[in-house]
Protein chains: 2
Amino acid sequence: MVSCIFKNMDDEKYMRRAIQLAKKAMGKTCPNPVVGAVIVKDGEIIGEGYHRRAGFPHAEVEAIRSVKDKRKLLGSTMYVTLEPCNHYGRMPPCTLAILNSGIKRVVVAMEDPNPQSSHGTATLREKGIETKIGVLEREARELNEVFITNINKKRPFYALKAAMTLNGLIAVRGGNSQWITGEEARLYVHFLRSNFNAVLVGINTVHMDDSLLTCRLKKRVRQPFRIVLDAFLKISLSSRIFSAYPRKILIVCGEEISDEKQKKVRATGARIIKCKSKNGRIDLHDLSQKLLSLNICSVLVEGGSLVHGSFIKEGLVDKCFLFYGPLLCGSHGGFNAVGCDAPSSLSQALRLRDIKCRMLGEDILVEGKPCSAG
Amino acid sequence: MVSCIFKNMDDEKYMRRAIQLAKKAMGKTCPNPVVGAVIVKDGEIIGEGYHRRAGFPHAEVEAIRSVKDKRKLLGSTMYVTLEPCNHYGRMPPCTLAILNSGIKRVVVAMEDPNPQSSHGTATLREKGIETKIGVLEREARELNEVFITNINKKRPFYALKAAMTLNGLIAVRGGNSQWITGEEARLYVHFLRSNFNAVLVGINTVHMDDSLLTCRLKKRVRQPFRIVLDAFLKISLSSRIFSAYPRKILIVCGEEISDEKQKKVRATGARIIKCKSKNGRIDLHDLSQKLLSLNICSVLVEGGSLVHGSFIKEGLVDKCFLFYGPLLCGSHGGFNAVGCDAPSSLSQALRLRDIKCRMLGEDILVEGKPCSAG
């Protein structure tokens, strides 16, 4: 009994290390998950590895390779944050590498949601490997919220970001929104952008704010794609957005737009995605498929009001980052963070869970996930 | 130098105790301030007192009385959270009691903002008492925010309370607001009500929510007055509000309302206050004077949308209690927490300071004071 408790504590300890390793590649493995693995023998870590990026070896293989003296692997335990794959993709299945290694026990944080690579644990068990699933599962799922959404919902992971007054206005009369939040919150937004494959705004926001929408952290980071929803391709070619990384700009327009108009936009270096549209609003489900096929797995939806309204109405929100400046002001004629029709019952509102709130300078950041999210 | 530091530390220590004593009477001394006093001799507290309620002795006198052996007072130090009064009101001036007691040093947290009772410290100093002002002044001002506002602004202290979705809606289409926040937040509202002389709502809120607006804490508390802004005296006599403590209801209507209508309302036990009004909105400045003359020193303004809008527009907000349920929903046709025209520039928004935020169950409570508040 007591030894069982210690074993469970040890399992968590080593899994925590595996999670730490997985985190090193956060945002770099798309469309693959982040995965970390640790190999333990006689209470000592003898091997470690993580999946660095798509096309590189899986964490399990990296960990096995890291053990110089292969004899040590005999009778060892592997801790891995995601169920080992069991199919031939770019790499041979990890289950095979494990079976060939001499590892006798495999502890897994979470099952692979991808049916393609499924049943890795069952296969190992059939071959006589002791297996355990579910150690630090919550943490592991958190780590791969993007991947899980991509697999389960077959669309990008969408996080809604809004900076608003304490009564929900993202802009006052005339559209002015500078500045609702302070320096610290705005810096945090740049950090957020670096964690997403793309940021997305509506054409009104481009014309109103005329911001670069880049990630301006001092530490060199990969720039996210910048997606503009622009059903009628109204974007002004003198918009500031074109002044940086034009090849990382995606302009989304309706299917009926003339080639001439498209040519002019393409000449800036930006790419055009044509989507179904209705009443001047892009069909977000059609867009979702197209983004995923471009390996855009995670998108920070930065507004404005109508864009947020559409994503909420279509059930396309997986996480929220809500920033509040210390301001209150009249709402009539201003722009609310969620620009769509109010429901007639609160039961139809989007309910969030796992709410966290904290101060960022004089501002407040509230994070949460829809109760329906994975 | 070092002994000076220790003396300052001791001063803060004893002042903290005086503040603790003052807090015992929080909400009970109206229209007077809360005040606590401590008398110290040779590093030992020999006397304590606080002002229990209007008409009762001041804290200084209570503290002096608490010292049985009056010889001990000779050469002692008094710590008092508010400058001793220097005028004959219901009581003789505290400065006189101090001068007669043998106390040789008086440490004061904050000056008395009331010009009537001013210059107490100067008077003591003239008579050879050593004085020091400003020890824990911030804390002392916080303690008496109501009193300070009453004196400086010649009106009640107004705290705005709103329960809203994360994007600022206090009700959805049709006015439904049950329930945006959870049990814990709603309980906290009842605690808040017990700390104010009155709660205030608009007639639409009475007809929409039909709530009692009482304080329903299990611990027996004084019920706040319930004020209803009802310019045209449209209130339905079957409203639930009349079913509890009718004598603690104040219905505020315009000056032109017929006597007959008034009579019916008065028959419930409620009181009517007639105020100037314009376009169906009560003149809040006229109301403020009338409330203060009724010894209503602090009011919790609970909405709805238009009422909050009016108080903000008129600059009548001294504190905010903003509750957020974990919900997002469309805003078009819903009711925002601040129902008045949005400004055209964010610089015209009401800016809050001393922002605090914390979780109450699944909800968030944000507190703050307008930068312009005392």
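Attention in this report is confined to the structure presented alongside it. (Residues numbered from 1 in each chain as written. Chains lettered and ligands numbered in written order. Predicted model: local features only at pLDDT ≥ 70, side-chain atom pairs only at ≥ 80, totals over all residues.)

**What to know about the overall build of chain A**
If you tally the helices and strands in chain A, you get 11 helices and 19 strands. For 374 residues, the compact-globule formula gives about 21 Å, and the C-alpha radius of gyration of chain A, at 23 Å, lands near that figure. By its C-alpha atoms, chain A is 70 × 45 × 40 Å across when sized along the principal axes. Within chain A, the proportion of its 374 residues that are buried is 49%. Across chain A, the fraction of contacts at a sequence separation of at least 24, relative to all contacts at a separation of at least 6, is 69%. (Helix = DSSP H or I, 4+ residues; strand = E, 2+ residues; numbered from the N terminus. Rg over C-alpha atoms; globule rule 2.2 N^0.38 Å. Buried ≥ 20, exposed ≤ 12 C-beta atoms within 10 Å, placed from the backbone. Contact = placed C-beta atoms within 7 Å.)

**Considering the sheet that holds strand β3 (residues 77–82) of chain B**
Residue and element names in this part refer to chain B. Sheet architecture is open: five strands sit in the order β2-β1-β3-β4-β5, paired in mixed fashion. The open sheet has two edge strands with one neighbour each: β2 (44–50) and β5 (130–133). Across the sheet, the axes of successive neighbouring strands diverge by a mean angle of 15°, strand direction being ignored. Pairing of strand β1 (residues 36–41) with β3, which is carried by four bridges, proceeds in the antiparallel orientation. Bridge pairing in β3 places Ile39 opposite Met78. Lying over the sheet, helix α2 (residues 59–66) contacts β1, β2 and β3, oriented at roughly 135° with respect to β2. (Pairing = 2+ DSSP bridges. Axes fitted to C-alpha atoms, helices over the stretch in contact; angles between N-to-C directions.)

**Things to note about unusual backbone geometry**
Here Gln178 of chain A and Trp179 of chain A are connected by a cis peptide whose omega angle stands at -15°. Relative to the assigned elements, Trp179 of chain A resides in the loop between β7 (169–171) and α7 (183–194). Of note, the bond from Gly303 of chain B into Gly304 of chain B is cis; its omega dihedral lies within 30 degrees of zero at 0°. Looking at where Gly304 of chain B falls in the secondary structure, it is placed in the loop between β14 (298–301) and α11 (305–313). If you check the backbone angles, Lys154 of chain A has positive phi at about 55° while not being a glycine. Considering the arrangement of structural elements, one finds Lys154 of chain A in the loop between α6 (145–153) and β6 (157–164). Residue classification places Lys154 of chain A among the exposed positions, given that 11 C-beta atoms sit within 10 Å. Phi angles above zero are rare outside glycine, and Leu233 of chain B is one such case at about 50°. Checked against the element boundaries, Leu233 of chain B lands in the loop between β9 (225–229) and β10 (249–254). What makes Leu233 of chain B buried here is the crowd of 20 C-beta atoms within 10 Å.

**A short note on α2 of chain B**
Residues and elements named next belong to chain B. Counting buried positions along α2 yields six of eight residues, so the element is predominantly enclosed. Here α2 has its buried residues at Ala59, Glu60, Val61, Glu62, Ala63 and Ile64. If you follow the buried residues of α2, they end up packed against β1, β2, β3 and α3 (94–101).

**Examining the relation of the copies chain B and chain A**
For these two chains of identical sequence, chain B goes onto chain A by a turn of 180° and a shift of 0.1 Å along the axis, with RMSD 0.1 Å. A rotation of that kind, with that shift, is consistent with a two-fold axis. The position closest to the rotation axis in chain B is occupied by the C-alpha of Gly168 of chain B, lying 2.2 Å away. In this assembly the copies share their binding face: 98% of the residues contributing to the interface of chain B also contribute to that of chain A. (Least-squares fit on C-alpha atoms with pLDDT ≥ 70 in both.)

**Focus: the pairing of strand β15 (residues 319–324) of chain A**
Residues and elements named next belong to chain A. Summarising burial for β15: six of the six residues are buried, a large majority. Of the two faces of β15, the one carrying Lys319, Phe321 and Phe323 and the one carrying Cys320, Leu322 and Tyr324 are both buried. The pairing of β6 with β15 spans six bridges and is classified as parallel. What sits directly across from Leu160, in β15, is Cys320. In this structure, β15 lies alongside strand β19 (residues 363–370), joined through five bridges in antiparallel fashion. Residue pairing for β19: Phe321 is matched across the bridge by Glu367.

**As for the pairing of strand β11 (residues 271–275) of chain B**
Residue and element names in this part refer to chain B. Summarising the sheet, β10 and β11 pair through five bridges and their orientation is parallel. Residue pairing in the sheet places Leu250 in a bridge with Arg271 of β11. A crossover connection joins β10 to the parallel β11 through helix α9 (residues 259–266); in handedness this β-α-β unit is right-handed. (Right-handed = clockwise from strand over helix to strand, strands pointing away.)

**Quick notes on the sheet that holds strand β11 (residues 271–275) of chain A**
Sheets are built from strands paired through backbone hydrogen bonds, the pairs being either parallel or antiparallel. Strand order in the open sheet formed by 10 strands is β11(A)-β10(A)-β9(A)-β8(A)-β14(A)-β6(A)-β15(A)-β19(A)-β18(A)-β16(B), and the pairing between neighbours is mixed. Looking along the sheet, the strands with just one partner apiece sit at the ends: β11 of chain A together with β16 (327–328) of chain B. Its contacts with the sheet put α7 of chain A on β6, β8 (198–202), β14 (298–301), β15, β18 (350–360) and β19 of chain A, and the angle it makes with β19 of chain A is roughly 35°. Together, β6, β8, β9 (225–229), β14 and β18 of chain A together with β16 of chain B form the strand contacts of helix α11 (residues 305–313) of chain A, whose direction differs from that of β6 of chain A by roughly 140°.

**Section: the interface of chain B and chain A**
In this complex, chain B contributes 46 residues to the contact, which on the side of chain A involves 45 residues. For the side of chain B that touches chain A, the elements supplying multiple residues, two or more each, are α11, β15 (319–324), β16, β18 (350–360) and β19 (363–370) of chain B. In terms of residues, the side of chain B that touches chain A owes the most to one element, β18 of chain B, which gives seven residues. Bridge count between strand β16 (residues 327–328) of chain A and β18 of chain B: two bridges; the pairing is antiparallel. In the strand pairing of β18 of chain B, Leu327 of chain A is matched with Arg351 of chain B.

**A few points about the packing of α2 of chain B against α3 of chain B**
Residue and element names in this part refer to chain B. Running from N to C, α2 and α3 point in directions that differ by 25°, and their axes come no closer than 9 Å. Taken together, the axes of α2 and α3 lie roughly parallel to each other. Between α2 and α3 the crossing geometry is left-handed. From α2, Glu60, Val61 and Ile64 reach across to α3, where they touch Cys94, Ala97, Ile98 and Ser101. A class-by-class count of the residues in the contact of α2 with α3 yields five nonpolar, one polar and one charged. (Parallel < 35°, antiparallel > 145°, perpendicular 65-115°, else oblique. Left-handed = near helix turned anticlockwise from the far one by under 90°. Nonpolar A, V, L, I, M, F, W, Y, C, P; charged D, E, K, R; others polar.)

**Some thoughts on the environment of Leu233 of chain A**
Sequence separation of Leu233 of chain A and Asp259 of chain A is 26 residues, and the distance between their C-alpha atoms is 11 Å. Here Leu233 of chain A is in contact with Ile251, Cys253, Ile257, Lys261, Gln262 and Val265 of chain A, once residues within four sequence places are set aside.

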